[in-house]
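One-letter residues, chain by chain:
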Amino acid sequence: MIILPAIDLLNGKVVRLMRGDYSEVTVYNHDPLNAALNFRNQGAKWLHIVDLDGAKSGDVINFEVIKRIKQMTNLSCEVGGGIRDFAAIKRYVQAGIDRVIIGTAAVTQEKFVEDAVKVFGEKIAVGIDLRGSKLAIKGWQESVKVSILEFFARMRAADVKYVICTDISRDGTMSGTNLELYRELQQFSGINFIASGGVSSLDDVKNLHRLGVYGAIIGRAYYNGAINLKDAIAISES
């Protein structure tokens, strides 16, 4: 299993939202590059970066910041937020980003993901955000009622290899990860699931590792000191 420390960008700062609410923002670092270098120094090999400005607006807002993080750290990076057309994907791929996350467009434009995978292969990941039984889109500002299991079956049919799945009700709450959800998702063989939302202890990391989940994103728990990143990485590599 891989550990992906999270850098969520809003107005050029590293922040965390509470349950995806843009009105409940905590700023953790005014220098995203400094945060990324700190993760690298603690043994991280991957970063999960979200352009929250882009997710809300539908455009690539923090591209230059993200490009600099990639260039200066040489870490493997997956990036999401506002990526809703081929031009945005191509821009990130050309900047050396390892995985580009399609979120809203994966729900609203069924053929987009399929076409993107055909062109960019395993550089494409899908980010799906769950609010109860509904999928949340546009930076978690809107919800659509689509069968979750049907959606994942469609992603597998499109040959998507990586899916970041966030339980919004747990995100930023320090309440523990939704193990039942990730256990259920393991039925979709061929998809590598990355758990996001509520990973708040080393026990969460251990339990996800036992489930065979491909990756786990750690955000607020690291920034609050609840999880030691070096310890989490050691567990994930055991």
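Look a little higher up for the structure.
Participant: Residues and numbers for helix H11 (residues 229-236), please.
Facilitator: Those residues of H11 lying buried are Leu229, Ala232, Ile233, Ile235 and Ser236. In an axial view of H11, the angular spread of the buried residues amounts to 160°, which keeps them on one side of the axis. The N-terminus of H11 is capped by Asn228, whose side-chain oxygen sits 3.0 Å from the backbone nitrogen of Lys230.

Participant: Give a description of the packing of aromatic side chains that names residues and reports values.
Facilitator: A full pass over the atoms with the stated rule returns 11 aromatic pairs. With a centroid separation of 5.4 Å and 80° between ring planes, the pair formed by Phe152 and Phe193 is classed as edge-to-face. Residue Phe152 is found in helix H7 (residues 148-157), and its partner Phe193 is found in strand E11 (residues 192-196); the two are separated by 41 residues along the sequence. Here Phe152 matches Phe193 in class, with each residue buried. Centroid distance Tyr222 to Tyr223: 5.3 Å. Interplanar angle 70°. Geometry classified as edge-to-face.

Participant: So what about the pairing of strand E4 (residues 46-51)? Which residues, and what values?
Facilitator: Successive residues of a regular strand alternate their side chains across the two faces of the sheet. Most of E4 sits inside the fold, with 6 of its 6 residues counted as buried. Side-chain alternation along E4 places Trp46, His48 and Val50 on one buried face and Leu47, Ile49 and Asp51 on a second face that is also buried. In this sheet, strand E5 (residues 76-80) lies alongside E4 in parallel orientation, the contact comprising 5 bridges. Paired with Trp46 across the strands is Ser76, a residue of E5.

Participant: Outline the packing of helix H9 (residues 202-211) against H11, supporting the account with residue identities and numerical values.
Facilitator: Contact geometry for H9 and H11: axes closest at 9 Å, N-to-C directions at 20°. On the basis of their axis angle, the class for H9 and H11 is roughly parallel. Read as a crossing pair, H9 and H11 show a hand that is right-handed. Together, Leu202, Val205, Lys206 and His209 of H9 and Asp231, Ala232, Ile235 and Ser236 of H11 make up the contact between the two elements. Split by residue class, the contact of H9 with H11 holds 4 nonpolar, 2 polar and 2 charged.

Participant: Would you mind going over the nonpolar core in detail, with residue names and values included?
Facilitator: Membership of the largest hydrophobic core comes to 68 residues, with the highest contact counts inside it found for Ile7 and Phe152. Per element, the largest residue contribution to this core is 5 residues, and it comes from helix H6 (residues 110-120). Setting aside anything within four residues of it in sequence, one finds Phe152 in contact with Ile128, Val163, Cys165, Leu185, Phe188, Ile191 and Phe193. Residues Ala6, Trp46, Ile101 and Ala125 belong to the second largest nonpolar core, which totals 10 residues.

Calculation rules
Residues numbered from 1 in each chain as written. Predicted model: local features only at pLDDT ≥ 70, side-chain atom pairs only at ≥ 80, totals over all residues. Heavy atoms only, no water. Buried < 20%, exposed > 50% of the residue type's maximum accessible area, 1.4 Å probe, protein only. Helix = DSSP H or I, 4+ residues; strand = E, 2+ residues; numbered from the N terminus. Arc of directions from axis to C-beta. Polar contact = N/O pair within 3.5 Å; in protein donor to acceptor, adjacent residues only side chain to side chain. Phe/Tyr/Trp six-rings, centres within 6.5 Å; stacked < 30°, edge-to-face > 60°. Pairing = 2+ DSSP bridges. Axes fitted to C-alpha atoms, helices over the stretch in contact; angles between N-to-C directions. Parallel < 35°, antiparallel > 145°, perpendicular 65-115°, else oblique. Left-handed = near helix turned anticlockwise from the far one by under 90°. Contact = heavy atoms within 4.5 Å. Nonpolar A, V, L, I, M, F, W, Y, C, P; charged D, E, K, R; others polar. Core = buried A, V, L, I, M, F, W, Y, C linked by side-chain atoms within 4.5 Å.

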